[in-house]
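Structural overview for review
In case you want the letters, here they are:
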Amino acid sequence: MNGDPDIVVLRGEAHGIPISEYAAALRERLPEYDIEHAKTPQQERELVVDAPIITGGSITEELLDRAEKARLYAAGGAGVGPATVRPCIERGLTVTNASIHGPNIAEYVLGTMLGFSRNLYEGMRRNQRREWRHFQARDFTDSTVTVVGLGAIGTAIVQRLSGFEVETIGVRYTPEKGGPTDEVVGFETDALHEALARTDYLALACPLTETTRGLIDAEALSVLPPDAVLVNISRGQLVETDALVSAIRQNQLRGAALDVTDPEPLPEDHPLWNFENVLVTPHMSGHTPDYWVRCAELLTRNVRRIEETGEFDDLENTVELTSDGEVVFT
């Protein structure tokens, strides 16, 4: 190597796991590459100048202005929005995200759905009171589960639903592409509401865009059956919080599992904490002790792809923008 880094790992962490583990995992898988881990803002500014691949933590426009040789920004997280993607694309960079959460988030979604179905949360409350008293549960079998977003995470959810004898509805930007669900609809209001009206369990697994912001508003919540359960593992802004609080108070929903909220973190005095039928977790459904290892494996596959083709396009988990500025994951 010529002394300039081939890959620069920016500062950051994920789920409390230091990003130094990412750099170590990359060095193990790509020993022939010069991989530098920037530990300070100054090191970031210096190292990005000559690196063709930048990965890990957040990339700012200041860093992009200095990264004159950069061809790829491999984000260290799944949620990459237009504010990050647009300046990268404008400067000629390919952008990929770290959508490696499919298995663990899908397990969270299935776990919370089954918890509501078998009423395990009531069982836990009675367990804490040492109260031996019967409570009723439901069958998950024959339910209708709607999954909004059929990317890697949504697909992983649907795959794990396959053994439960449930009907599945998928919601995606391009319904004509089909998907792994029994049927697929788009985001048009009428089509979405028709699906919601038949939904027992609703899982939100799509990116936050102008289309999806506030998607589950008061009207959408009123369309859902009153015994429906909402599970949000995407972004809190997909759901209008005040409308959700109102729906819970008026028994318009059986319950909700929220790994993301708006605002986030959820303030201690927020009413969502006080409902027995609302489970709030601190944006951790994607946690896995192998987070950075999986990120390293993803980037390694893309680096090998670049070696084969000599190009920085057609990579796994590429993030693009539509003509109207919507983020699209390919």
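Everything quoted here is computed from the prediction, not taken from an experiment.

Notes on the sheet that holds strand S9 (residues 167-171)
- Taken in spatial order, the seven strands of this open sheet run S10-S9-S8-S11-S12-S13-S14, and their pairing is parallel. The open sheet is flanked by strand S10 (183-185) and strand S14 (278-280), the only strands paired with a single partner. Strand-to-strand twist in this sheet, taken as the mean axis angle between neighbours without regard to direction, amounts to 15°.
- Judged from the four bridges that link them, strand S8 (residues 144-148) and strand S11 (residues 201-204) form a sheet pairing that is parallel. Looking across to S11, one finds that valine 145 is bridged to tyrosine 201.

Considerations on the packing of aromatic side chains
- Scanning the model with the defined rule gives six aromatic pairs in all.
- Where tyrosine 22 meets tryptophan 292, the ring centres are 4.9 Å apart and the plane angle is 20°; that geometry is what we call stacked. Highlighted residues: tyrosine 22 in helix H1 (residues 20-29) and tryptophan 292 in helix H11 (residues 291-309), separated in sequence by 270 residues.
- What makes tyrosine 22 buried here is its relative accessible area of 2%.
- Between the aromatic rings of tyrosine 291 and tryptophan 292, the centroid separation amounts to 5.0 Å while the plane-to-plane angle is 85°, which identifies the pairing as edge-to-face. The burial state of tyrosine 291 is the same as that of tryptophan 292; both residues are buried.
- Through a chain of ring-to-ring contacts, the aromatic side chains of Tyr22, Tyr291 and Trp292 assemble into a single cluster.

Analysis parameters
Residues numbered from 1 in each chain as written. Predicted model: local features only at pLDDT ≥ 70, side-chain atom pairs only at ≥ 80, totals over all residues. Heavy atoms only, no water. Pairing = 2+ DSSP bridges. Helix = DSSP H or I, 4+ residues; strand = E, 2+ residues; numbered from the N terminus. Axes fitted to C-alpha atoms, helices over the stretch in contact; angles between N-to-C directions. Phe/Tyr/Trp six-rings, centres within 6.5 Å; stacked < 30°, edge-to-face > 60°. Buried < 20%, exposed > 50% of the residue type's maximum accessible area, 1.4 Å probe, protein only.

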